[in-house]
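Working through the structure, step by step
So the chains spell out like this:
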Amino acid sequence: FDALKTIVEYAYTGKVELAESTAVAITQAANLLQVEAVERAAVNFLVERLDAGNVLSAMALGEHLSAGAIGRELRDKGREWLNKNFGLVAAEPSFLELPVSEVASFVASDNLEVQEEDVFAAVLAWVKEDEAARKTQLDRLLPLVRFPLMKAPAAAMEAEPLVAQHPRA
(Lines give C-alpha, C1' and ligand atoms only; values in the text may rest on other atoms or scores of the structure.)
Protein backbone atom coordinates (compact mmCIF):
# COMPACT_ATOMS: atom_id res chain seq x y z
CA PHE A 1 0.00 0.00 0.00
CA ASP A 2 2.76 2.46 0.94
CA ALA A 3 4.54 1.88 -2.34
CA LEU A 4 1.41 2.49 -4.39
CA LYS A 5 0.59 5.55 -2.29
CA THR A 6 4.08 6.94 -2.98
CA ILE A 7 3.65 6.44 -6.72
CA VAL A 8 0.22 8.12 -6.72
CA GLU A 9 1.62 11.03 -4.70
CA TYR A 10 4.41 11.31 -7.27
CA ALA A 11 1.80 11.56 -10.03
CA TYR A 12 0.23 14.54 -8.27
CA THR A 13 3.29 16.28 -6.85
CA GLY A 14 6.23 15.22 -9.00
CA LYS A 15 8.11 14.34 -5.82
CA VAL A 16 8.93 10.97 -4.34
CA GLU A 17 9.80 10.36 -0.72
CA LEU A 18 11.94 7.32 -0.09
CA ALA A 19 12.95 5.52 3.07
CA GLU A 20 15.12 2.47 3.57
CA SER A 21 12.10 0.52 4.78
CA THR A 22 10.07 1.20 1.62
CA ALA A 23 12.63 1.63 -1.19
CA VAL A 24 12.55 -1.99 -2.36
CA ALA A 25 8.75 -2.15 -2.45
CA ILE A 26 8.60 1.20 -4.26
CA THR A 27 11.17 -0.01 -6.79
CA GLN A 28 9.16 -3.16 -7.47
CA ALA A 29 5.84 -1.30 -7.72
CA ALA A 30 7.28 1.39 -9.97
CA ASN A 31 8.77 -1.27 -12.20
CA LEU A 32 5.46 -3.15 -12.37
CA LEU A 33 3.52 0.04 -13.13
CA GLN A 34 6.26 1.27 -15.49
CA VAL A 35 6.73 4.57 -13.68
CA GLU A 36 10.34 4.96 -14.73
CA ALA A 37 11.08 8.21 -12.86
CA VAL A 38 10.08 6.68 -9.52
CA GLU A 39 11.90 3.43 -10.29
CA ARG A 40 15.05 5.42 -11.19
CA ALA A 41 14.83 7.48 -7.98
CA ALA A 42 14.33 4.37 -5.86
CA VAL A 43 17.23 2.52 -7.50
CA ASN A 44 19.50 5.54 -7.05
CA PHE A 45 18.44 5.64 -3.40
CA LEU A 46 19.34 1.97 -2.99
CA VAL A 47 22.69 2.32 -4.79
CA GLU A 48 23.69 5.24 -2.57
CA ARG A 49 23.08 3.08 0.50
CA LEU A 50 24.78 -0.14 -0.53
CA ASP A 51 26.58 -1.91 2.27
CA ALA A 52 27.76 -5.41 3.12
CA GLY A 53 24.41 -6.27 4.68
CA ASN A 54 22.20 -5.29 1.74
CA VAL A 55 24.28 -5.59 -1.42
CA LEU A 56 23.31 -9.22 -2.10
CA SER A 57 19.60 -8.45 -1.82
CA ALA A 58 20.04 -5.35 -3.99
CA MET A 59 21.77 -7.45 -6.63
CA ALA A 60 18.98 -10.04 -6.44
CA LEU A 61 16.40 -7.28 -6.88
CA GLY A 62 18.36 -5.94 -9.84
CA GLU A 63 18.48 -9.43 -11.34
CA HIS A 64 14.72 -9.77 -10.84
CA LEU A 65 14.19 -6.45 -12.63
CA SER A 66 16.93 -7.06 -15.21
CA ALA A 67 14.58 -6.94 -18.17
CA GLY A 68 14.87 -3.16 -17.90
CA ALA A 69 17.96 -0.98 -17.95
CA ILE A 70 17.30 0.32 -14.45
CA GLY A 71 17.22 -3.19 -12.99
CA ARG A 72 20.43 -4.09 -14.80
CA GLU A 73 22.01 -0.94 -13.43
CA LEU A 74 21.11 -1.91 -9.87
CA ARG A 75 22.53 -5.39 -10.40
CA ASP A 76 25.72 -4.02 -11.97
CA LYS A 77 26.27 -1.31 -9.35
CA GLY A 78 25.76 -3.92 -6.64
CA ARG A 79 28.31 -6.17 -8.31
CA GLU A 80 30.80 -3.30 -8.52
CA TRP A 81 30.33 -2.61 -4.81
CA LEU A 82 30.74 -6.30 -4.00
CA ASN A 83 33.93 -6.52 -6.08
CA LYS A 84 35.46 -3.68 -4.05
CA ASN A 85 34.23 -5.00 -0.71
CA PHE A 86 34.17 -8.77 -1.12
CA GLY A 87 35.75 -9.43 2.28
CA LEU A 88 32.98 -7.51 4.05
CA VAL A 89 30.25 -9.24 2.07
CA ALA A 90 31.75 -12.70 2.61
CA ALA A 91 31.62 -12.09 6.37
CA GLU A 92 27.85 -11.53 6.26
CA PRO A 93 25.46 -14.36 7.19
CA SER A 94 23.61 -13.79 3.90
CA PHE A 95 26.76 -14.83 1.99
CA LEU A 96 26.71 -18.18 3.75
CA GLU A 97 23.14 -18.75 2.52
CA LEU A 98 23.96 -18.27 -1.17
CA PRO A 99 23.62 -21.15 -3.60
CA VAL A 100 26.87 -22.60 -4.93
CA SER A 101 26.29 -21.05 -8.36
CA GLU A 102 26.42 -17.52 -6.92
CA VAL A 103 29.43 -18.27 -4.72
CA ALA A 104 31.19 -19.69 -7.78
CA SER A 105 30.29 -16.60 -9.80
CA PHE A 106 31.81 -14.30 -7.20
CA VAL A 107 34.92 -16.41 -6.62
CA ALA A 108 35.56 -16.74 -10.37
CA SER A 109 35.41 -12.99 -10.95
CA ASP A 110 38.54 -11.30 -12.24
CA ASN A 111 37.30 -8.04 -10.72
CA LEU A 112 37.49 -8.86 -7.01
CA GLU A 113 39.70 -6.36 -5.21
CA VAL A 114 40.75 -8.67 -2.42
CA GLN A 115 43.64 -10.89 -1.43
CA GLU A 116 43.26 -14.43 -2.71
CA GLU A 117 43.63 -15.69 0.86
CA ASP A 118 40.35 -13.93 1.65
CA VAL A 119 38.65 -15.60 -1.31
CA PHE A 120 39.87 -18.99 -0.10
CA ALA A 121 38.67 -18.20 3.44
CA ALA A 122 35.24 -17.22 2.07
CA VAL A 123 34.95 -20.52 0.19
CA LEU A 124 35.92 -22.48 3.31
CA ALA A 125 33.46 -20.53 5.49
CA TRP A 126 30.67 -21.13 2.97
CA VAL A 127 31.40 -24.88 2.91
CA LYS A 128 31.70 -25.11 6.71
CA GLU A 129 28.28 -23.47 7.12
CA ASP A 130 26.73 -26.80 6.04
CA GLU A 131 29.74 -29.05 5.66
CA ALA A 132 27.84 -32.30 5.26
CA ALA A 133 25.87 -31.00 2.29
CA ARG A 134 28.47 -28.66 0.79
CA LYS A 135 31.78 -30.49 0.95
CA THR A 136 31.01 -32.05 -2.41
CA GLN A 137 30.98 -28.49 -3.85
CA LEU A 138 34.70 -28.07 -3.13
CA ASP A 139 35.44 -29.73 -6.48
CA ARG A 140 33.54 -26.90 -8.14
CA LEU A 141 34.83 -24.00 -6.00
CA LEU A 142 38.49 -24.75 -5.29
CA PRO A 143 39.59 -24.62 -8.96
CA LEU A 144 38.25 -21.05 -9.02
CA VAL A 145 40.59 -19.94 -6.22
CA ARG A 146 43.84 -18.57 -7.61
CA PHE A 147 46.26 -20.41 -5.33
CA PRO A 148 49.41 -19.19 -7.13
CA LEU A 149 48.46 -15.62 -6.14
CA MET A 150 48.42 -16.46 -2.44
CA LYS A 151 51.31 -15.30 -0.34
CA ALA A 152 53.45 -18.07 1.10
CA PRO A 153 53.66 -18.15 4.89
CA ALA A 154 56.78 -16.41 6.20
CA ALA A 155 58.18 -19.61 7.72
CA ALA A 156 57.92 -21.41 4.39
CA MET A 157 59.69 -18.57 2.58
CA GLU A 158 62.66 -18.77 4.97
CA ALA A 159 63.01 -22.53 4.68
CA GLU A 160 65.06 -24.10 1.96
CA PRO A 161 62.96 -24.96 -1.07
CA LEU A 162 62.05 -28.58 -1.50
CA VAL A 163 62.99 -30.09 -4.82
CA ALA A 164 60.40 -32.54 -5.96
CA GLN A 165 61.33 -34.93 -8.66
CA HIS A 166 58.90 -36.43 -11.06
CA PRO A 167 58.41 -40.15 -10.26
CA ARG A 168 59.56 -41.09 -13.76
CA ALA A 169 62.74 -38.95 -13.64
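Above: the structure in question.
Residues numbered from 1 in each chain as written. Predicted model: local features only at pLDDT ≥ 70, side-chain atom pairs only at ≥ 80, totals over all residues. Heavy atoms only, no water.

Describing the packing of helix H2 (residues 23-33) against helix H3 (residues 36-48)
Test applied: Interaxial angle, 0 to 180 degrees, is taken between N-to-C directions of lines fitted to C-alpha atoms, where a helix line uses only the stretch in contact. By definition, any uninterrupted DSSP run of H or I lasting at least four residues is a helix, any uninterrupted run of E lasting at least two residues is a strand, and each is numbered from the N terminus. Oblique is the label for any angle not covered by the other classes, which are roughly parallel (under 35 degrees), roughly antiparallel (over 145) and roughly perpendicular (65 to 115). Two helices cross in a left-handed way if the nearer one is turned anticlockwise from the farther one by less than a right angle. They cross in a right-handed way if the turn is clockwise. We call two residues in contact whenever any of their non-hydrogen atoms come within 4.5 Å of each other. Three categories are distinguished: nonpolar for Ala, Val, Leu, Ile, Met, Phe, Trp, Tyr, Cys and Pro, charged for Asp, Glu, Lys and Arg, and polar for the others, with Gly belonging to the last.
Between H2 and H3, whose axes approach to 8 Å, the crossing angle comes to 150 degrees. In terms of orientation, H2 lies roughly antiparallel with respect to H3. Note on packing geometry: the crossing formed by H2 with H3 is left-handed. Seen from H2, the contacting residues are Ala-23, Val-24, Ile-26, Thr-27, Ala-30 and Asn-31; seen from H3, they are Val-38, Glu-39, Ala-42, Val-43, Phe-45 and Leu-46. Of the residues in the contact of H2 with H3, the class split is nine nonpolar, two polar and one charged.

Concerning the side chain of Thr-27
To keep things clear, this is the line we draw: For every residue, the accessible area (1.4 Å probe, protein chains only) is compared with the maximum for its type, and the residue is labelled buried under 20%, exposed over 50%, or partly exposed between those bounds.
In this fold, Thr-27 is placed in helix H2. Judged by relative accessible area, Thr-27 falls into the buried class, the value being 0%.

Here we look at the nonpolar core
Within soluble globular proteins, side chains that are nonpolar generally end up buried alongside one another. Where we set the bar: Nonpolar core, defined: a set of buried Ala, Val, Leu, Ile, Met, Phe, Trp, Tyr and Cys residues in which side-chain atoms within 4.5 Å join the residues together.
One finds Leu-56, Leu-82, Phe-86, Phe-95, Phe-106 and Trp-126 to be the most contacted residues of the largest nonpolar core, which totals 34 residues. Dropping the residues within four chain positions of it, Leu-56 is found in contact with Leu-82, Val-89, Ser-94, Phe-95, Leu-98 and Phe-106. Ranked by size, the runner-up nonpolar core spans seven residues in total, among them Ala-3, Ala-29, Ala-30 and Val-38.

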